Amino acid sequence: MKIALINDTHAGARGDSLLFNEFFFKFWEGTFFPYLRENGITHIVHLGDVVDRRKFINFVILNQWRKRFFDVLENEGITMDVIVGNHDVTFKNTNEINAMHELFDHYENITVYTQPHAKAYDGLSIQLMPWINSENLEQSLEALEKTSAEVVFGHFEIAGFEMDRGNISHSGLDTKDRKSTRL
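Draft legend 1. Local environment of unusual backbone geometry. A positive phi is found at aspartate 8, a non-glycine position, where the angle reads about 50 degrees. Position of aspartate 8 among the secondary structure elements: in the loop between β1 (4-6) and α1 (13-16). Within the chain, histidine 10 stands out as a residue other than glycine whose phi angle is a positive 45 degrees. Mapping histidine 10 onto the fold places it in the loop between β1 and α1. A residue is classified by how much of its surface remains accessible, and histidine 10, at 15% relative accessible area, is buried.

So this is what it looks like as structure tokens:
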């Protein structure tokens with residue numbers, strides 16, 4: 001089984017810029033979807049941050065993403081597992097209310113994970129780890145400690161790691177303290 005991994009798509013980025021949205025779709029329609037077709041890839045794992053803003057989405061952007069991304073997946077028989085990221089959740093302390101459930105639950109080909117979940121892809125065991133917050137911290141750390149998965153896919157904030165060039169995270173999980181509560 002071939003799987004495409006994507007993350008941080010940030011639908012609605014740059015203040016709902018239609019120019020940025022078209023730039024993104026130049027990649028999705030001109031590169032990504034053709035690559036999936038040419039290589040027989042029918043499953044995607046999205047590692048979080050499908051949307052850009054945790055509290056709202058522009059309806060023009062939503063319409064474009066529904067028609068040009070999610071409907072394409074559905075029409076072409078492509079399934080997708082999504083682990084929610086920090087931009088997908090409305091509140092910082094829980095994954096319960098999130099954009100994926102509120103906007104895209106009607107797609108039967110999409111499965112959303114808001115809690116740690118172990119899953120096998122063609123025999124390879126993978127631990128899916130959505131955004132860790134105060135509500136799921138203990139459950140998440142326990143899942144990471146006990147998993148027998150060979151691979152972990154997650155949307156993490158880890159203290160001391162570079163998030164992007166020159167931007168070091170000063171909060172999140174502490175790699176020196178396995179029972180970290182620095183969220």
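On we go.
Draft legend 2. Layout of the sheet that holds strand β2 (residues 43-46). Across the sheet, which stays open at both edges, the 4 strands sit in the order β1-β2-β3-β4 with parallel pairing between neighbours. Two strands bound the open sheet, and with one partner strand each, they are β1 and β4 (110-113). Each strand axis lies, on average, 15 degrees off the axis of its neighbour in the sheet, ignoring direction. Lying over the sheet, helix α2 (residues 18-38) contacts β1 and β2, oriented at roughly 145 degrees with respect to β1. Each of β1, β2, β3 (79-83) and β4 touches helix α3 (residues 59-75); the most contacted strand, β3, lies at about 125 degrees to it.

Draft legend 3. Just the packing of α2 against α3, in detail. Running from N to C, α2 and α3 cross one another at 0 degrees; their axes reach a closest spacing of 11 Å. One finds that α2 runs roughly parallel with respect to α3. Here Leu18, Asn21, Glu22, Phe24, Phe25, Trp28, Glu29, Phe33 and Arg37 of α2 lie close against α3, whose contacting residues are Val60, Ile61, Gln64, Trp65, Arg68, Phe69, Val72 and Leu73. Within the contact of α2 with α3, the residues separate by chemical class into 11 nonpolar, 2 polar and 4 charged.

Reading the values: the criteria
- Residues numbered from 1 in each chain as written.
- Predicted model: local features only at pLDDT ≥ 70, side-chain atom pairs only at ≥ 80, totals over all residues.
- Heavy atoms only, no water.
- Helix = DSSP H or I, 4+ residues; strand = E, 2+ residues; numbered from the N terminus.
- Buried < 20%, exposed > 50% of the residue type's maximum accessible area, 1.4 Å probe, protein only.
- Pairing = 2+ DSSP bridges.
- Axes fitted to C-alpha atoms, helices over the stretch in contact; angles between N-to-C directions.
- Contact = heavy atoms within 4.5 Å.
- Parallel < 35°, antiparallel > 145°, perpendicular 65-115°, else oblique.
- Nonpolar A, V, L, I, M, F, W, Y, C, P; charged D, E, K, R; others polar.

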